[in-house]
Amino acid sequence: MRVLIAGAAGMLGQDVVGAAERRGHETFGLTRRELDVTDPADIDGAIADLRPEAVIDCAAWSDVDGAEDDERGATAINDTGAGLLAAAAARAGASILYPSTDYVFDGTKEGPYLEGDMPAPINAYGRSKLGGEVSVAAANPRHFIVRTSWLFGLGGGNFVETMLRIGAEQPEVLVVSDQLGCPTSTADLAEGIVELIATDAHGIHHMVGGGACSWFDFAVEIFDQAGTETRVMSATTEMMARPARRPANSVLGHTRADPILLQPWQQALRRYLADRELRG
Ligand SMILES: NC(=O)c1ccc[n+]([C@@H]2O[C@H](COP(=O)([O-])OP(=O)(O)OC[C@H]3O[C@@H](n4cnc5c(N)ncnc54)[C@H](OP(=O)(O)O)[C@@H]3O)[C@@H](O)[C@H]2O)c1
């Protein structure tokens, strides 16, 4: 299959390019410089040149706190740009895959959020991503919306790297224990995404690492697996004021008969730390 990946230099984008290549797809990974999803001429040019059968939109405004100060900027990329790309893919007869987020939910549900649950974002980033889901679905009937969460990958800054950096600098770290979610490896997610585009299972998918935890639990596991003696101290969301509100519970579950399941997050973390070591 001919696969075009926008945002190919991002944390997820890099792994999706690798996964698509390994699967034998004719893979065209374009960075922001090569394809700006807010520029219709760029999009039309890339689609006309490369004639993809599937388009994967890894381009994103992913700065959750930054979106509070510039919701228009986040919306231009996550919503309007995603819609333009999805529409161009539709005109060319290609499917579109749009990664979305657990932050489309408000976090008040008890238990995991399912694909059919009503989104109600509580921050600007979540609103821009929900807008993107709607725009993509309206523009291209052959859409895959893949909600995921708490990503960590070798190609970008992430919570694991933040913890390891803090752990190297100080003996203890304060981490929130009242937000629950699913840590997800971009390496695993990329394999799942590439598997999904070869199917006709259009619509919304939840694709996250197996299991769930709090950021506190995640930090404890990181230091445990890394063999670092950093003490993790539990904090509340209220204590750790951030510009954007976060949902208290953003665990994602499935109702699909045949979901693509990723390995448990602890195993994925082990693999990440080993790969990181190899990279040096
Ligand atoms: N990170 C998470 O924890 C998380 C959680 C849930 C869902 N997601 C979703 O997963 C997807 C991938 O996230 P990520 O963490 O891989 O993000 P990322 O590392 O920030 O990558 C996003 C990429 O998009 C590029 N980009 C920004 N604006 C663009 C534009 N106008 N045109 C083309 N490319 C543009 C960025 O380039 P520059 O760096 O040059 O700006 C960057 O290379 C996103 O849809 C995100 O919403 C992420």
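Quantities reported herein were computed from a predicted structural model and do not represent experimental measurements. (Residues numbered from 1 in each chain as written. Predicted model: local features only at pLDDT ≥ 70, side-chain atom pairs only at ≥ 80, totals over all residues.)

Asks: Help me get a handle on the nonpolar core, residues and values and all.
Replies: Core analysis: the largest hydrophobic core is formed by 79 residues, its most contacted members being Ile5, Ala6, Val16, Ile56, Leu85, Leu97 and Ile193. No other element matches helix α4 (residues 71-91), which puts eight residues into this core. Excluding residues that lie within four positions of it along the chain, Leu85 makes contacts with Ala6, Val37, Ile43, Val55, Asp57 and Ile96. (Core = buried A, V, L, I, M, F, W, Y, C linked by C-beta atoms within 7 Å. Buried ≥ 20, exposed ≤ 12 C-beta atoms within 10 Å, placed from the backbone. Helix = DSSP H or I, 4+ residues; strand = E, 2+ residues; numbered from the N terminus. Contact = placed C-beta atoms within 7 Å.)

Asks: Got a sec to walk through the site of the ligand? Specific residues and values, please.
Replies: In the vicinity of the ligand there are 26 residues, among which Gly7, Gly10, Leu12, Ala59 and Ala60 approach most closely. Those elements that place two or more of their residues in the shell around the ligand are α1 (11-22), α4 and β4 (95-101). Among the elements that line the shell around the ligand, the one with the most residues is α1, at three residues. Residues belonging to the shell around the ligand are distributed by class as follows: 13 nonpolar, ten polar and three charged. (Near = placed C-beta within 6 Å. Nonpolar A, V, L, I, M, F, W, Y, C, P; charged D, E, K, R; others polar.)

Asks: Tell me about helix α9 (residues 265-279), residues and numbers included.
Replies: In this model α9 runs 21 Å from its N-terminal to its C-terminal C-alpha over 15 residues, within 8% of the 21 Å that 1.5 Å per residue would give. Residues of α9 that are buried include every one of Trp265, Ala268, Leu269 and Tyr272, and no others. Buried residues of α9, seen end-on, are gathered within an arc of 100° and therefore sit on one face of the element. Along α9, exposed side chains directed more than 90 degrees from the buried face belong to Ala274, Glu277 and Leu278. Here the buried face of α9 lies against β6 (151-152), α6 (159-169), β9 (184-185), α7 (186-196) and α8 (215-226). Just downstream of α9, Gly280 is the residue with a positive phi angle, here 80°. (Expected span 1.5 Å × (residues − 1). Arc of directions from axis to C-beta.)

Asks: Which residues make up the packing of α1 against α7, and what values go with them?
Replies: Running from N to C, α1 and α7 cross one another at 50°; their axes reach a closest spacing of 8 Å. In this view, α1 runs oblique relative to α7, as classed from their interaxial angle. The handedness of the crossing between α1 and α7 comes out as right-handed. The segment α1 lies against α7, with Met11, Leu12, Asp15, Val16, Gly18, Ala19 and Ala20 engaging Thr186, Ala187, Leu189, Ala190, Glu191, Ile193 and Val194. For the contact of α1 with α7, the per-class residue count stands at ten nonpolar, two polar and two charged. (Axes fitted to C-alpha atoms, helices over the stretch in contact; angles between N-to-C directions. Parallel < 35°, antiparallel > 145°, perpendicular 65-115°, else oblique. Left-handed = near helix turned anticlockwise from the far one by under 90°.)

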